[in-house]
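Below are the chains, spelled out letter by letter.
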Amino acid sequence: MTIQELQPFQPVVLQMLQNSILKDRVAHAYLFEGEKGTRKKEMSLLFAKALLCERKVDGLACGGCSNCKRIDNGNHPDLHLLEPDGLSIKKEQIKALQEEFSKTGVESKKKVYIIVHSDKMTANAANSLLKFLEEPLADTTAILVTENVHRILPTILSRCQVVSFKPLPKEQLVKQLLEEGIEPQFASLAANLTNHYEEAVELCRNEWFAQARIIVLKLYEVLQKSPFQAMVKVQEDFVQHFKEKDQVDRALDLLLLIYKDLLHIQLGKVEQLVYPDQKENWKSNALHVSTNRLSTNMTAILEAKRKLNANMNSQLLVEQLMLKLQG
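Worth saying up front: this structure is predicted, and the values here are computed from it rather than measured.

Caption draft 1: Inspection of the packing of aromatic side chains at higher detail. According to the stated counting rule, one finds 10 aromatic pairs in the structure shown. Centre to centre, the rings of Y30 and F32 are 6.3 Å apart; their planes meet at 65°, and the pair counts as edge-to-face. According to the relative accessible area criterion, Y30 is buried, its value standing at 0%. Its relative accessible area of 0% is what places F32 among the buried residues. Summarising the aromatic geometry, the rings of F238 and F242 are spaced 4.6 Å apart at their centres and angled 45° between planes, so their arrangement reads as tilted.

Caption draft 2: Here's a closer look at the layout of surface pockets. Looking at the largest pocket, its volume works out to about 480 Å³. Taken together, 21 residues form the lining of the largest pocket, with K170, S188, N192, Q272 and L273 sitting closest to its centre. Elements supplying a minimum of two residues to the lining of the largest pocket: α8 (170-179), α9 (184-191) and α13 (245-266). At six residues, the largest contribution of residues to the lining of the largest pocket is made by α13. Among the residues making up the lining of the largest pocket, the classes are represented as 11 nonpolar, four polar and six charged.

Caption draft 3: Region of the structure containing the nonpolar core. In this structure, L177, L255, Y259, Y275, L321, M322 and L325 are the most contacted members of the largest nonpolar core, which totals 58 residues. Top contributing element to this core by residue count: α13, with 11 residues. In contact with M322, not counting residues within four places along its chain, are L219, L223, A230, M231, V234 and L255. Counting 30 residues, the second largest nonpolar core, distinct from the first, contains A27, A50, L79 and I143.

Parameters at a glance
- Residues numbered from 1 in each chain as written.
- Predicted model: local features only at pLDDT ≥ 70, side-chain atom pairs only at ≥ 80, totals over all residues.
- Heavy atoms only, no water.
- Phe/Tyr/Trp six-rings, centres within 6.5 Å; stacked < 30°, edge-to-face > 60°.
- Buried < 20%, exposed > 50% of the residue type's maximum accessible area, 1.4 Å probe, protein only.
- 1 Å grid on protein atoms, 1.4 Å probe; cavity = no way out; pocket = protein on both sides within 12 Å on 5 of 7 lines; lining within 4 Å.
- Points joined across faces, edges and corners; volume = space filled by probe spheres on them.
- Helix = DSSP H or I, 4+ residues; strand = E, 2+ residues; numbered from the N terminus.
- Nonpolar A, V, L, I, M, F, W, Y, C, P; charged D, E, K, R; others polar.
- Core = buried A, V, L, I, M, F, W, Y, C linked by side-chain atoms within 4.5 Å.
- Contact = heavy atoms within 4.5 Å.

Have a look at this one:
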């Protein structure tokens, strides 16, 4: 991604990295941490490009020099990108990296390495990297990237400058999705389910997701009338559509957002509705349910998500949840 494309996602991070180059205060090691979709990998490549660029412009990569172009093409000899080999990053990968970095830079004195999903290093790999970080080579910059900072060894963490990536504001993501031609009812929903732009677009254009929305809305509607009808709906529609564990988890998220919308209506925050097209239908429901009851129902759904992750039978779990939501 270009500087112009990344700037709206992480303006604070971009400014901080730019200043570190301008003031010649580049650290030996960085840890880029944040949720999926916050553009950590893209920013690490942009930072590496700025470090190796031959004609920096205000501390940022020019984009047009030989080094910049080779990084864009993935073939710069002084930039090494390391990703998991299978499920993990292995000790052999770190050792190979160390051997590579013991050599003099091919194009310049500077060398940069990026380790994506650095939380997936094996214990041996992490210990090997630790030795590398304890005795950093001159003009070498390490960039570790992770979505799970709590899984990084404290000893590695202490040797890195931690850079936290903030999620893209929901309003901004909704705006981008609308500009992409996504319908409003899907844009607001997807923005509340993921912070990842590409994943949000994929969700909105997925027929399974569109049908999932319809089924969950219908289940809520039936639930207001009869717990027996809700049980029938679970068996007829819900179980047939939400077959996998992650699909059931997605359905519970969709249901949870309905109760959040009812709360937003009670509080007069209709501009925050995730299901804006349901506002008129739900005004009456919101008036006839207490805030405490909404809180109890949302807690019940969150508890169901926890049980699902503990491998409870999904159909039984949803049936029990229907009874709790009916009260």
